[in-house]
Amino acid sequence: MTILDIIDKKRLKQELTFEEIKYVVDNFVNGNIPDYQMSALLMAMVINGMTEKETIDLTKVMIDSGDIIDLSSISGIKVDKHSTGGVGDKTTLILAPLVASCGVKVVKMSGRGLGHTGGTIDKLEAIKGFKVNLSVNEFIKQVNDIGVAITSQTGNLVPADKKIYALRDVTGTVSSIPLIATSIMSKKIASGADKIVIDVKVGNGALIKTIEEARILANLMIKIGKQYGKDVVCVLSDMNQPLGQTIGNGLEVVEAIHVLRVKGSIKLRELVITLGSIMVSLGKQIALEEAKKEIMTNLINGQAYQKFMEMVKAQNGDIDKINISFKSYSVKSKQEGYINGIDALGIGEIVRKLGGGRFHKEDEINYGVGILLEKSVGEYVKQGDKLLTVYYDEKRIDEQEILNCFMIEKERKEEKPLIYEIIE
Ligand code: URA
């Protein structure tokens, strides 16, 4: 068996065997297959697709490439949540402590930003001192002590995904349903939670652009989960506009705190309540309506905020020191009319250019930069009304590029729903 034969086979749209997939992954992880050959195979997989069997086999081989975390020393049902990636998506920062405050153990391993989309670990690093790289023992101890911990992937969890994802990110091979399914599910299964809720983002700011594709991805991930005895629930949610009012690491932490104190974006709160109710229902084995009551109660009575503060303290964060840039300027509307859209992809790219995301793997993030949206989709604006505030450090962004992200029209268009579907 050689890598060239395997690339050829996939180019000719033939199904790879388990042995061939294992050969590729093992030899790529140990350095015998170079990036250029792996890139060629990944591109053939993106273009010609993968069968369900290939996808399930690839997931298994990826899980087996590293450690499987044993969480049996944490009692009860452990739940996890994952987002396929969006713009302004600070949901985990609110959701993890909220669900834990209802008595469900939340074991959350998160990632960094990818492309124009943000990552929870980058956001948490905007809090001075916050320790994002807990060891497995520290992670388990914290969940046993306070019910929740958020950490980056431990060293040897699915090393195959770390290597393959880094390559996909720079070779235009990210947007593939089977590759996304294997990447997410291998990590979720190896990290040991019993129940997994996945927020599948759909729209121009997401990796998945249509509801039809999102349904296929969701069903595939549910099927993979079933093979490993894991309950997976997928929520298909809109990512055609940024989630909430802030985009940028430090600003998003501040907004998450606002929501935990029952202020801020209604849409963000709605998504948190939907995902949180499912997580509590799965974790406590209770009806969804009952779970929703617990979530609403703990959001309103401050228990969720208290749990967030406990988590920040346990992970050495100093909540009084959130990195926000001192320099800012506002951008005003040049038109009058209804805001019928705010381009999530465009805004995500602007924040990346400000320094809030990476263009190369080794880029340093500027945690303080970002955008505060002063207006939401559906609002009416007049010429001269403030649309947003840009927090910057060195680079200012051309005003027209920012204005191009706003679709302002005479007639008001119906807004897309926040939640499209829940698939179990
Ligand atoms: N999130 C992941 O972890 N992997 C993907 O491939 C896409 C989103």
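Caption draft 1: Region of the structure containing the domain arrangement of the protein chain. Entries for the protein chain in the domain assignment read domain 1 (3–49), domain 2 (78–314) and domain 3 (327–409). Measuring from the centre of the C-alpha atoms in domain 1 to the corresponding centre in domain 3 gives 40 Å.

Caption draft 2: Representation of unusual backbone geometry. Look at Lys-13: it is not a glycine, yet its phi comes out positive at around 65°. With respect to the helices and strands, the residue Lys-13 is situated in the loop between helix H1 (3–11) and helix H2 (18–29). Given the relative accessible area of 62%, Lys-13 is considered exposed. Although it is not a glycine, Gln-285 sits at a positive phi angle of roughly 55°. Topologically, Gln-285 is positioned in the loop between helix H12 (266–284) and helix H13 (288–300). Given the relative accessible area of 55%, Gln-285 is considered exposed.

Caption draft 3: Structural context of the sheet that holds strand E2 (residues 105–110). Pairing is mixed in the open sheet, where 6 strands are placed in the order E3-E2-E1-E4-E5-E13. A strand with exactly one partner marks an edge of an open sheet, and here the two such strands are strand E3 (148–152) and strand E13 (419–423). Each strand of the sheet is rotated relative to its neighbour by a mean of 20°, with strand direction disregarded. One ladder, built from 5 bridges, connects strand E1 (residues 78–83) with strand E4 (residues 195–202); its direction is parallel. By the bridge assignment, Ser-83 is partnered in E4 with Asp-199. Sheet strands in contact with helix H7 (residues 136–146) are E2 and E3, and its direction is about 155° off that of E3.

Caption draft 4: Broad picture of the pairing of E1. Counting buried positions along E1 gives 6 out of 6 residues, so the element sits mostly inside the fold. Burial along E1 is two-sided: Lys-78, Asp-80 and His-82 and Val-79, Lys-81 and Ser-83, pointing in opposite directions, are all buried. Across 2 bridges, the pairing between E1 and E2 is parallel. Residue pairing in the sheet places Lys-78 in a bridge with Lys-105 of E2.

Caption draft 5: A look at the nonpolar core. Grouped together as the largest cluster of nonpolar side chains are 81 residues, with contacts concentrated most on Val-99, Val-280, Ile-371, Leu-388, Val-390, Ile-402 and Phe-406. A domain split of this core shows at least three residues from each of domain 2 (78–314) and domain 3 (327–409). With sequence-adjacent residues up to four places away left out, Val-280 is seen in contact with Val-99, Cys-102, Val-104, Gln-285, Ile-286, Ala-291, Glu-294 and Ile-295. Judged by nonpolar contacts, the second largest core, of 63 residues, contains Leu-42, Leu-58, Ile-74 and Leu-134.

Caption draft 6: Quick look at the site of the ligand. The ligand sits among His-82, Thr-84, Tyr-165, Arg-168, Ile-180, Ser-183, Ile-184, Lys-187 and Leu-207. Protein burial of the ligand: of its 240 Å² of free accessible surface, 96% is covered by the chains. Sorting the residues of the shell around the ligand by element identifies helix H8 (159–169) and helix H9 (177–190) as the ones contributing at least two each. Top element by residues in the shell around the ligand is H9. It accounts for 4 residues. Here the residues of the shell around the ligand are counted per class, giving 4 nonpolar, 3 polar and 2 charged.

Caption draft 7: Looking closely at H8. Three or more residues of H8 are buried, namely Pro-159, Ala-160, Asp-161, Ile-164, Tyr-165, Leu-167 and Arg-168. Here the buried face of H8 lies against H2, helix H3 (35–48), helix H4 (52–64) and H9.

Caption draft 8: Just empty space enclosed by the protein, in detail. Summed over the entire model, instances satisfying the criterion amount to 2 cavities of 30 Å³ or more. Elements represented by at least two residues in the lining of the largest cavity include exactly helix H6 (120–124), helix H11 (249–260) and helix H15 (344–356). Broken down by element, the residue count for the lining of the largest cavity peaks at 4 residues, all from H15. When its residues are assigned to classes, the lining of the largest cavity shows 5 nonpolar, 13 polar and 5 charged. Considering the residues around the second largest cavity, the lining is formed by 16 residues, among which Met-38, Leu-42, Met-45, Leu-58 and Ile-164 are closest to the centre. Broken down by secondary-structure element, the contributors of at least two residues to the lining of the second largest cavity are H2, H3, H4, H8 and H9. Both of domain 1 (3–49) and domain 2 (78–314) provide at least three residues apiece to the lining of the second largest cavity.

What counts and how
- Each chain carries its own residue numbering, running from 1 in the direction its sequence is written.
- Only residues with pLDDT of at least 70 are given local features in this predicted model, and only at 80 or more are side-chain atom pairs given and counted; all residues enter the totals for whole chains, interfaces and linings.
- Side-chain metrics in this entry use all non-hydrogen atoms of the structure; hydrogen atoms and water are not considered.
- Segmentation of the chain into domains, including their bounds, is taken from an automatic or database domain assignment.
- Labels follow the DSSP assignment, with helices taken as runs of H or I lasting at least four residues and strands as runs of E lasting at least two, numbered in each case from the N terminus.
- Exposure categories follow from relative accessible area, calculated using a 1.4 Å probe and restricted to protein chains: below 20% of the type maximum is buried, above 50% is exposed, and the middle band is partly exposed.
- Each pair of strands is called paired provided DSSP finds at least two bridges between the two strands.
- Axes here mean lines fitted to C-alpha atoms, for a helix over just the part in contact, with angles spanning 0 to 180 degrees between N-to-C directions.
- In this description, contact between two residues means that some pair of their heavy atoms is separated by no more than 4.5 Å.
- In this description, a nonpolar core means a group of buried Ala, Val, Leu, Ile, Met, Phe, Trp, Tyr and Cys residues linked to one another through side-chain atoms lying within 4.5 Å.
- What makes a residue near a molecule or strand is one non-hydrogen atom of that residue sitting within 4 Å of it.
- Each accessible area is a Shrake-Rupley estimate made with a 1.4 Å probe; only the visible protein chains count as cover when residues are assessed.
- Asp, Glu, Lys and Arg are counted as charged, while Ala, Val, Leu, Ile, Met, Phe, Trp, Tyr, Cys and Pro are counted as nonpolar; the rest, among them Gly, fall into the polar class.
- In this analysis a 1.4 Å probe is tested at points of a 1 Å grid over the protein atoms alone, and where it fits but cannot get out there is a cavity; an open set with protein on both sides within 12 Å along at least five of seven lines is a pocket; lining residues have an atom within 4 Å of a point.
- Grid points are joined across faces, edges and corners, and a volume is the space filled by probe spheres set on the points.

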